[in-house]
Amino acid sequence: MTAMLFEQKTRMMKDGRECVLASPDPKDAKSMLDYLKTCAEETDNILRYPEECDESNEQEETFLRNINESQYNVMIVCKVDGDIAGNCTLTLNKRLKIKHRASVAIALKRKYWNLGIGTMMFEEMEKIAREKNVLQLELGFVGGNDRARILYEKRGFVKTGKKPDAFYLKDGSFRDEILMIKKL
């Protein structure tokens, strides 16, 4: 099995502008860290707070290089006019009993919501998964994130369960993790 690099593609967003989907460039480490921090500032629906985006540029560069060299992970980064708009990951399992399953994750900056980028990235992840003989995609998201739920349902994911109180927010409230799958 070889590294799962994503071949760069240019796609058209709903507003008529172009976006570029590609594997991450380790030279973009600082931009990726800025992007992650922005996403964490904009919503409680990702897994960390802005102050937890504390990797050094060197650590992020190493992380991105490792992703690009991985046989079991692929990351797609979406850029609009050079700005990182979003990213997604597909993580394959290598163990025989669970090799038919893969997990997906996605995030977008708020200013790029509702432009079709999420759908584009899911199409690409699903295509890769099928090429790798994956039969089932899995994901989890923060309960109450209706925007994400609607996208996932549109892509054919169905709810399979939840982990109660999986997320503890700074305001003292809890949120469930909603679990979904999609059969390919």
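See the structure above.
Definitions and cut-offs
- Residues numbered from 1 in each chain as written.
- Predicted model: local features only at pLDDT ≥ 70, side-chain atom pairs only at ≥ 80, totals over all residues.
- Heavy atoms only, no water.
- Axes fitted to C-alpha atoms, helices over the stretch in contact; angles between N-to-C directions.
- Helix = DSSP H or I, 4+ residues; strand = E, 2+ residues; numbered from the N terminus.
- Parallel < 35°, antiparallel > 145°, perpendicular 65-115°, else oblique.
- Left-handed = near helix turned anticlockwise from the far one by under 90°.
- Contact = heavy atoms within 4.5 Å.
- Nonpolar A, V, L, I, M, F, W, Y, C, P; charged D, E, K, R; others polar.
- Phe/Tyr/Trp six-rings, centres within 6.5 Å; stacked < 30°, edge-to-face > 60°.
- Lys NZ or Arg CZ within 6 Å of the ring centre and 35° of its normal.
- Core = buried A, V, L, I, M, F, W, Y, C linked by side-chain atoms within 4.5 Å.
- Buried < 20%, exposed > 50% of the residue type's maximum accessible area, 1.4 Å probe, protein only.

Visitor: What am I meant to see in the packing of helix α3 (residues 117-131) against helix α4 (residues 146-154) here?
Guide: Packed helices, taken two at a time, are described by the angle between their axes plus the distance between the axes. Viewed as axis vectors pointing N to C, α3 and α4 meet at an angle of 45°, and their least axial separation amounts to 11 Å. With respect to their mutual orientation, α3 and α4 come out oblique. Handedness of the α3/α4 crossing: right-handed. Contact with α3, carried on its side by G118, T119 and F122, involves L151, Y152 and K154 of α4 and no other residues of that element. Looking at side-chain class alone, the contact of α3 with α4 contains 3 nonpolar, 2 polar and 1 charged residues.

Visitor: Help me understand the packing of aromatic side chains in this model?
Guide: Each pair of aromatic rings is reported with the distance of its centres and the angle of its planes. Overall, the coordinates contain 5 aromatic pairs when judged by the stated rule. Here the aromatic cluster, defined as three or more aromatic residues joined through ring pairs, consists of F122, F141, Y152 and F157. The ring of W113 is capped by R147, whose NZ or CZ atom sits 3.9 Å from the centre of that ring. When the ring centre of Y49 is taken as origin, the NZ or CZ atom of K170, which lies over that ring, is 4.3 Å away.

Visitor: Help me understand the nonpolar core in this model?
Guide: Soluble globular proteins tend to bury their nonpolar side chains together. Judged by nonpolar contacts, the single largest core of 35 residues is most densely connected at L90, I117 and Y152. Going through the elements one at a time, β2 (18-22), β3 (73-80), β4 (83-92), β5 (101-108), α3, β6 (136-142), α4 and β8 (174-183) are the ones with two or more residues in this core. Ranked by residue count, the leading element in this core is α3, at 7 residues. Filtering out sequence-adjacent residues up to four positions away, L90 remains in contact with M4, Y72, N73, V74, A102, S103, V104, M125, I128, A129 and L137.

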